[in-house]
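Architecture at a glance
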Amino acid sequence: QVQLVESGGGLVQAGGSLRLSCAASGRTFSSYYMGWFRQAPGKERQFVAAIFWSGSSTYYANSVKGRFTISRDNAKNTVYLQMNSLKPEDTAVYYCAVRTKPGGTYYLSPFYDYWGQGTQVTVSS
């Protein structure tokens with residue numbers, strides 16, 4: 001079992017920044033890659049970014065590339081999502097998730113094994 005707790009969401013004006021954190025506990029040594037997804041009201045959950053626990057590979061959705069940065073602190077078992085130049089269309093509940101075995105497809109939510117409870121990000125125009 002892996003437990004994930006997100007924090008750092010809030011209300012920000014367009015053009016502003018937020019940093020989300022996802023703290024993992026439990027069987028964290030089995031984490032293979034971690035991802036951030038978001039879900040706006042009435043819309044499907046969509047991939048935002050992913051990072052592999054070993055190495056430094058990172059991946060981003062085209063909609064956030066160049067504005068968001070995913071990073072990790074292995075010692076703290078924490079993954080971050082730095083979000084800059086926020087837009088109203090970034091408004092959503094943001095979730096972190098972890099896959100605990102090799103394989104799968106990092107940008108598809110069904111391949112993730114554990115999810116956090118989500119944190120609300122609201123960007124005002």
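Here's what I pulled together on the structure shown here. (Residues numbered from 1 in each chain as written. Predicted model: local features only at pLDDT ≥ 70, side-chain atom pairs only at ≥ 80, totals over all residues. Heavy atoms only, no water.)

**Comments concerning the sheet that holds strand β7 (residues 68-73)**
Taken in spatial order, the 4 strands line up as β1-β3-β8-β7 in an open sheet, and their pairing is antiparallel. Across the chains shown, the open sheet's two edge strands, defined by having one partner strand only, are β1 (2-7) and β7. Averaged over all adjacent pairs, the angle separating strand axes in this sheet is 15°, with direction ignored. Across 6 bridges, β7 lies against strand β8 (residues 78-83) in antiparallel orientation. Each residue of the ladder has a partner; that of F68, found in β8, is M83. (Pairing = 2+ DSSP bridges. Helix = DSSP H or I, 4+ residues; strand = E, 2+ residues; numbered from the N terminus. Axes fitted to C-alpha atoms, helices over the stretch in contact; angles between N-to-C directions.)

**Focus on the state of the cysteines**
Here, disulfide denotes a covalent bond that connects the sulfur atoms of two cysteines. Counted according to the given criterion, the structure contains 1 disulfide. Covalently, C22 is tied to C96 through a disulfide, its sulfur atoms 2.0 Å apart. Linking C22 and C96, the disulfide has an S-S dihedral of approximately 60° and is accordingly described as right-handed. Remark: C96 occurs in strand β9 (residues 92-99) and C22 occurs in strand β3 (residues 18-26); sequence separation between them is 74 residues. (Disulfide = S-S within 2.5 Å.)

**Focus on the environment of W36**
Structurally, W36 is set in strand β4 (residues 33-39). Each C-alpha atom, one on W36 and one on L108, is 11 Å from the other, the two residues being 72 residues apart in sequence.

**Here we look at the packing of aromatic side chains**
Geometrically, a pair of aromatic rings is defined through the distance of the ring centres and the angle of the planes. Inspection of the entire model under this criterion finds 13 aromatic pairs. When the centroid spacing of 6.5 Å and the interplanar angle of 80° are considered together, the rings of Y95 and W115 count as edge-to-face. Of this pair, Y95 sits in strand β9 while W115 sits in strand β10 (residues 114-115); the two residues are 20 residues apart in sequence, bridging distant segments of the chain. The buried category is assigned to Y95, whose relative accessible area is 14%. Following the ring pairs from residue to residue traces out a cluster consisting of Y32, Y33, F37, F47, F52, Y59, Y95, Y106, Y107, Y112 and W115. The ring of Y95 carries R45 above its face, with NZ or CZ at 3.9 Å from the centroid. A cation over an aromatic ring shows up here: R45 above the ring of W115, its NZ or CZ 4.7 Å from the ring centre. (Phe/Tyr/Trp six-rings, centres within 6.5 Å; stacked < 30°, edge-to-face > 60°. Buried < 20%, exposed > 50% of the residue type's maximum accessible area, 1.4 Å probe, protein only. Lys NZ or Arg CZ within 6 Å of the ring centre and 35° of its normal.)

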